[in-house]
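# Per-entry structural report
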Amino acid sequence: MITSVLVANRGEIARRVFRTCRSLGISCVAVYSDADASSPHVAEADAAVRLPGNTPSETYLRGPLIIEAAQRAGADAIHPGYGFLSENADFARAVIEAGLTWIGPSPEAIGQMGSKVAAKRLMAAAGVPVLSEVDDVTADDLPVLIKASAGGGGRGMRIVRDLADLPGELEAAKSEALSAFGDPTVFCEPYLETGRHIEVQIMADTHGTVRAVGERECSIQRRHQKVIEEAPSPLVERTPGMRSRLFAAARAAASAIAYTGAGTVEFLADENGRFYFLEMNTRLQVEHPVTECTTGLDLVRLQILIAQGAHLPALIPTGAALSATAIRRGEPLNSTLPQGTDSSGAAQTPAGVSAAPSATAIPQGDPLDSTLPQGSDNSGARAAGSQAAKDRANLSAALSTTGIPKGEPLISTLPEGYDSSGPPLTRGHAIEVRLYAEDPAQDWRPQSGVVHRLCVPGVTTEFAVPAGPGLRLDSGLRDGSAVSVFYDPMLAKVISFADTREEAALGLAGALARAEIHGLVTNRDLLVRVLRHPEFLAGNTDTAFLDRHELAVLAEPLADKDTEALSALAAALADAAARRSMDVPSGWRNVPSQPQRKVYRTASGDHEVTYRHTRAGLVTDGYPDLRLLSAEPEHVVLEVAGVRRAFRVAVYPGLVCVDSPLGPVSLTPVPRFTDPSAQTAPGSLLAPMPGTVVRVAVSAGDQVEQGQPLLWLEAMKMEHKIIAPATGTVTSLSVVAGQQVDLGAVLAVVAPLE
Amino acid sequence: MTTLQSTLDTASDEYAANRESMLGKLAELDGEYAKAIAGGGPKYVERHRKRGKLLARERVELLIDPDSPFLELSPLAAWGSDYTVGASVVTGIGVVEGVECMIMASDPTVRGGSSNPWTVRKTFRAMDIALENRLPLINLGESGGADLPSQKEIFIPGGRLFRDLTRLSAAGIPTIALVFGNATAGGAYVPGMSDHVVMVKGQSKVFLGGPPLVKMATGEESDDESLGGAEMHARKSGLADYFAVDEQDAIRIGRRIVARLNWKKRGAAPGPYTPPLFDEDELLGVVPGDLKIPFDPREVIARVVDGSDFDEFKPMYGTSLATGWATVHGYPVGILANAQGVLFSEESQKAAQFIQLANQTDTPLIFLHNTTGYMVGKDFEQGGIIKHGSMMINAVSNSKVPHISILMGASYGAGHYGMCGRAYDPRFLFAWPSAKSAVMGPQQLAGVLSIVARAATLARGEEYSEENDAAMRAMVEAQIEAESLPMFLSGRLYDDGVIDPRDTRTVLGLCLSAIHTTPVAGADGFGVFRM
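Fair warning: this is a prediction, and the values are worked out from it, not measured in the lab. (Residues numbered from 1 in each chain as written. Chains lettered and ligands numbered in written order. Predicted model: local features only at pLDDT ≥ 70, side-chain atom pairs only at ≥ 80, totals over all residues. Heavy atoms only, no water.)

## What to know about the UniProt feature "domain: CoA carboxyltransferase C-terminal" (unreviewed entry) in chain B
Following the UniProt record, the feature "domain: CoA carboxyltransferase C-terminal" (unreviewed entry) maps to residues 275-531 of chain B here. In residues 275-531 of chain B, helix accounts for 39% and strand for 18%; the two terminal C-alpha atoms are 41 Å from one another. (UniProt positions renumbered as here; feature names shortened; annotations may be inferred. Helix = DSSP H or I, 4+ residues; strand = E, 2+ residues; numbered from the N terminus.)

Pasting the structure below:
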């Protein structure tokens, strides 16, 4: 029996696992790198063990240290989260060998899926549709996608459209794969320009039961990494019979490797509903919350219980079992059936509520999920009639193996007449966005630094399945947390759950637009624009969505120029209010000669604000019909053309964040004075972010062409080229390979040719 | 706590007329301010800008903290003279890095920023205020030195400038010179006598004698930079403590210097307070256009003091002068306000007692003027009005608590002295546009002259021409009227500025805050009071 779980991970996923552990009465052990010492996941844990160093290879990727940490802290199980060691078969094996419970699939299953090349062959043999691998790429094969065999989460993928690029891209992919996954093996496969990414959540117990819990669509991607995920899939919803084929294929995939625990089988699908196996992720997915919302299941709970030998049929109520039990709109759906639930009668349905909720109805006619015996043919054979009896037998086995007494609420017993052969009941629609500290407009450049504030309005739950329509927030940060250069810059996952897809999308967009996200550039505006996009709302999502609808347009700030200008004015007035030390009019003059002048910088340019408080009210250039209704250091209310507009203003060192329904605006106050000693020489190339210089291609005195790469900086697990801004001479080169540089550090100076 | 009531009828015709009259005077005032702001006019302003330089007021605005108030002093200096309104210098109290400082900025668009007799007086007044109130002095200099045609009025008294600079320093008050341009000959002693000196690359010119003079004196060939450039003074002579690359850099450095003064106010901090209960805007309608009509100063006090809360002292005695206690922006004050114009023996004795009480409790005093002077006449002379008036003047002269005078209406005769007129060194003295100040009212003065002339003529046995008398009276009345108006007096530096009545509370607050940079302490003793 598990009493204490060490989560071999950080940030939001560590907190997510802890949340379930808490509700199961299991204590929580964290590990942390030096950079994460003050992270919430560390503070929250019952015990935490330091992993000295910062980079993943020094810390979260060091299996022996983590196992030792578990033993030292008295943990009896390890949950790997996602990423890091979650799909490392050797680690899983070492955990088990150390006598700890591994909350995940068997090392063998991980190993089989770990090599993408081998996994595809295995899947093809099991009858799962796959895209053939391209060994010798010719012009006819183009475009092709290079993938890391050991990769996952989209990292290391590169599209090649021109044969000439192939060697270079292969080289880069290998280098990235080696750095990210410790294995340089890469392979090519045909690249589908407009595929849809559909995946199936699998749950399998150690007794041979494999269940397809539900599908997710994750087609909105950037650089092959998922940005928006949802359940159910709009494509699957509108394609008759697709769900049954998809679920069958997913079960076949899992069964082929005797899979146990939570896993995800990923497919690439076309608009006609044809799909191909991509890979199987042998772990919990980042996007698992959307499935939790629509099924009401706590997937981490299932992982933990399965790791203790529980029987799946007892854990996942099926739609058939509940179909007669009305679920009212928005009513929480218990993940386990209460004992004694009469699944056959509508008698318990509250009066006046329809027995079959319209918006949350289970798609009728969809094939039912089933338990497949290990290695069984998944061609559709199903023995629904005898299933209940089998499940009951399995359940008793589970009870005896885990030693949990009958009646233990964690694993409920099945009611009489329970039909476990159906898919889990689903309800409504859930959409998750990954809020990243990255700049979509600057080639998705990851950001690092302090997140002063992250506040999403209307959040109903954190890390937990919402009871009804609402917002779920999974975040590993708290206000003031730093996003370091060492790890993924995801700030939070925000999950919207509503009766319909449109409500989920628009509700989420609204909440994000109003969220206070202060400190770093994020992809928030892009997310909002995608969620509000007519094509997205129509369900026309595919992996090329961002390209087709023009990234530049989608990444445009929600706040237009006018809003920026008005927000700058609000910032200036809030600043003036904060500076009032005495109750005399702000900026009072007995002989007025000029207005107050403040300049704020945004990505789109400088906004100069000039204003003067007079007896007759605020006088400000460019706004003849503006009235100042109130100004406080954190709140400014203006009347613009007869409409009252309220602005929330938050001031941080070198940053002012103004939030209003017109759109969020981040402003950098331009200092009144410049210190000449802080000026840099013209032609200086500054580090765009903190990172490590990995290669230097030139030396001082070299002639360089405009656009020529001078050096490479690795940050956020990506290589960034620093190119010559103009043709000229490298007059100074201040870094060497291996050197760690801070944001804004001068890397080199190029004197342009006269 | 005694909350004042207001009986001001804002719907009355009188109020409307008073208001209109005051607004008219304020509009006139704005016109005069515009002249000061315009400086040397568009041509010279443009030429100055083309050199990449900031105007005097722009330098001040950049120097002081964002959104902070700036109390400009003597803005009408030189009004009514041959020189430009403002006297080619801007002075005032501003907040730099949280420190209230006296700021002086020469206006190089007006005859190269050279000093005329009014410039000198305005500068001296600012330095007096700095000394009395312990305000660090920041000089934004760019001046061609003395305006040579008027050198006779400048040269001898002007030497005080350098004396006062070093005396400020000796008194522990830091002096900072930011040299934006010329500071030559005598002007070179401004940086020379200052504690901290910042010079601007390529702009500052600080030498005793320029190249032509040097050539004449010794035959040596030289140039501006080697004689007095910023770089030379920063690297060689050591006169420049800081080398600024441009004007904004000089101001940046100036602010850093102030930030490092570790300047602390030594006076008591203000207490909590609430604004007045009555609208300060109504101060426009309190003073009648015709000063012969008295007004109740409590209507003013109710719109100036915190919470309109005024505890009156001796309210039933000497009712022509209201005295009492209040706070303004949290600073405790005693207020003396003329209620019926004339000061009688009772009022004089009441004032003398009240001033002593304020000194006993270290409470600053505010004088609100509307007086025609001490009462004359047989009964009053016999009643000892001279003795009693002298008691009041004795008390006000020897009082050591800070005084602030506001001329609301009339301020005539010895009443002006008793109410702490300019000669009695109030820390600050401001006038409303409605104020008038003279030895007596214009009609009275003309009448007195007429009576004296008539008597002399008749004594000589000649016939007194009524026609000539009327002409003489009209002429004298007009002259006295003009010379008792606030702009005229302000032009001669007899006040620190003419203010909008609605700004009275703000101005008092700023002055009291500046005053409390020094400790407030009352007098230990007074002159012998005649009883």
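## A word on the UniProt feature "domain: CoA carboxyltransferase N-terminal" (unreviewed entry) in chain B
Mapped onto this numbering, the UniProt entry annotates "domain: CoA carboxyltransferase N-terminal" (unreviewed entry) at residues 22-273 of chain B. Segment residues 22-273 of chain B splits into 43% helix and 17% strand. End C-alpha atoms: 29 Å apart.

## Points about the sheet that holds strand 6 (residues 144-148) of chain A
Residue and element names in this part refer to chain A. Within the open sheet, the 3 strands sit side by side as 7-6-8. Their pairing is antiparallel. What marks the edges here is a single partner per strand, and that holds for strand 7 (158-160) and strand 8 (186-190). The average undirected angle you get between the axes of adjacent strands in this sheet is 30 degrees. Bridge count between strand 6 and strand 7: 3 bridges; the pairing is antiparallel. Bridge pairing links I146 to R158 in strand 7. Helix 7 (residues 166-181) contacts strand 6, strand 7 and strand 8 of the sheet and is inclined by roughly 25 degrees relative to strand 6. (Pairing = 2+ DSSP bridges. Axes fitted to C-alpha atoms, helices over the stretch in contact; angles between N-to-C directions. Contact = heavy atoms within 4.5 Å.)

## Points about the environment of M689 of chain A
Residues and elements named next belong to chain A. Secondary-structure assignment places M689 in the loop between strand 32 (684-686) and strand 33 (691-696). For M689, a relative accessible area of 3% gives the class buried. Sequence-wise, M689 and V144 are 545 residues apart; in three dimensions their C-alpha atoms are separated by 31 Å. Not counting the four nearest positions on each side in its chain, M689 is found in contact with R445, P446, L713, A715, H720, V741, D742 and L743. (Buried < 20%, exposed > 50% of the residue type's maximum accessible area, 1.4 Å probe, protein only.)

## A short note on the packing of helix 15 (residues 501-514) of chain A against helix 16 (residues 524-531) of chain A
Residues and elements named next belong to chain A. At a minimum axis distance of 9 Å, the contact between helix 15 and helix 16 shows a crossing angle of 155 degrees. In terms of orientation, helix 15 lies roughly antiparallel with respect to helix 16. The handedness of the crossing between helix 15 and helix 16 is left-handed. Contacts between helix 15 and helix 16 involve A505, L506, L508, A509, L512 and A513 on the former and, on the latter, R524, L527, V528 and L531. Class assignment for the residues of the contact of helix 15 with helix 16 results in 9 nonpolar, no polar and 1 charged. (Parallel < 35°, antiparallel > 145°, perpendicular 65-115°, else oblique. Left-handed = near helix turned anticlockwise from the far one by under 90°. Nonpolar A, V, L, I, M, F, W, Y, C, P; charged D, E, K, R; others polar.)

## Some details on helix 16 of chain A
For helix 16 of chain A, a buried count of 7 out of 8 residues is recorded, marking the element as mostly surrounded by other parts of the structure. What helix 16 of chain A keeps buried is the set R524, D525, L526, L527, V528, V530 and L531 of chain A.

## Focus on the environment of P688 of chain A
All names here are of chain A. The topology assignment puts P688 in the loop between strand 32 and strand 33. Between the alpha carbons of P688 and V741 there is a distance of 9.9 Å; along the sequence they are 53 residues apart. Apart from the residues lying within four places of it in its own chain, the contact partners of P688 are R445, L713, I722 and L743.

## Looking at the pattern of salt bridges
Evaluation of the coordinates by the stated rule reveals 85 salt bridges over all chains. E231 of chain B serves as the salt-bridge partner of R235 of chain B, at 3.0 Å between the closest nitrogen and oxygen. With R235 of chain B and E231 of chain B both in helix 10 (residues 230-237) and 4 residues apart, the pair spans about one turn of that helix. Since its relative accessible area comes to 66%, R235 of chain B is described here as exposed. A single salt-bridge network, built from bridges that share partners, covers E199, R216, K226, E229, E266, E287 and R434 of chain A. (Salt bridge = Lys/Arg side-chain N within 4 Å of Asp/Glu carboxyl O.)

## Here's the deal with the confidence of the model for chain B
In low-pLDDT segments, the atomic positions of the prediction should not be examined closely. Chain-level statistics for chain B give a pLDDT mean of 94 and a share of 100% at 70 or above. Predicted complex metrics record ipTM = 0.94 and pTM = 0.83. (pLDDT = per-residue confidence, 0-100.)

## Overview of the interface of chain B and chain A
The accessible area lost on association of the parts is a frequent measure of interface size. If you look at the interface, chain B gives 35 residues, while chain A gives 25 residues. Approximately 2,700 Å² of surface area, both sides summed, lies buried where chain B meets chain A, with 53% of it carried by carbon and sulfur atoms. Taken together, the links from chain B to chain A amount to 6 salt bridges. One salt bridge in this structure joins R252 of chain B and D675 of chain A, with 3.5 Å as the shortest N-O distance. In this assembly, chain B and chain A are joined by 17 residue pairs in polar contact (both at pLDDT 80 or more). Secondary-structure elements contributing two or more residues to the side of chain B that touches chain A are helix 1 (13-38), helix 3 (56-63), strand 1 (70-73), helix 11 (247-259) and helix 20 (504-515) of chain B. A class-by-class count of the residues in the side of chain B that touches chain A yields 15 nonpolar, 6 polar and 14 charged. (Buried area = accessible area lost by both parts, 1.4 Å probe. Polar contact = N/O pair within 3.5 Å; in protein donor to acceptor, adjacent residues only side chain to side chain.)

## Examining the side chain of K116 of chain A
Residues and elements named next belong to chain A. Within the element layout of this structure, K116 appears in helix 6 (residues 116-125). Residue classification places K116 among the buried positions, given a relative accessible area of 5%. Within the local environment of K116, its side chain forms a polar contact with the side chain of E279, the two groups lying 2.9 Å apart.

## Examining the state of the cysteines
Scanning the model with the defined rule gives 0 disulfides over all chains in all. Looking at the unpaired C657 of chain A, the closest cysteine sulfur is the one in C455 of chain A, lying at 13 Å. A relative accessible area of 1% places C657 of chain A in the buried class. In this structure C420 of chain B is not part of a disulfide, and its nearest cysteine sulfur, from C511 of chain B, lies 13 Å away. The class of C420 of chain B is buried, set by a relative accessible area of 0%. (Disulfide = S-S within 2.5 Å.)

## Structural notes on the sheet that holds strand 30 (residues 655-659) of chain A
Residue and element names in this part refer to chain A. Read across the sheet, 8 strands follow the order 26-25-24-31-30-29-28-27 without closing on themselves; strand pairing throughout is antiparallel. Single-partner strands in this sheet number two, and they are strand 26 (617-620) and strand 27 (626-632). Averaged over all pairs of adjacent strands, the angle between strand axes in this sheet comes to 30 degrees, irrespective of strand direction. Here strand 27 pairs with strand 28 (residues 635-640) via 6 bridges, running antiparallel. Bridging from a neighbouring strand, L628 pairs with L638 of strand 28.

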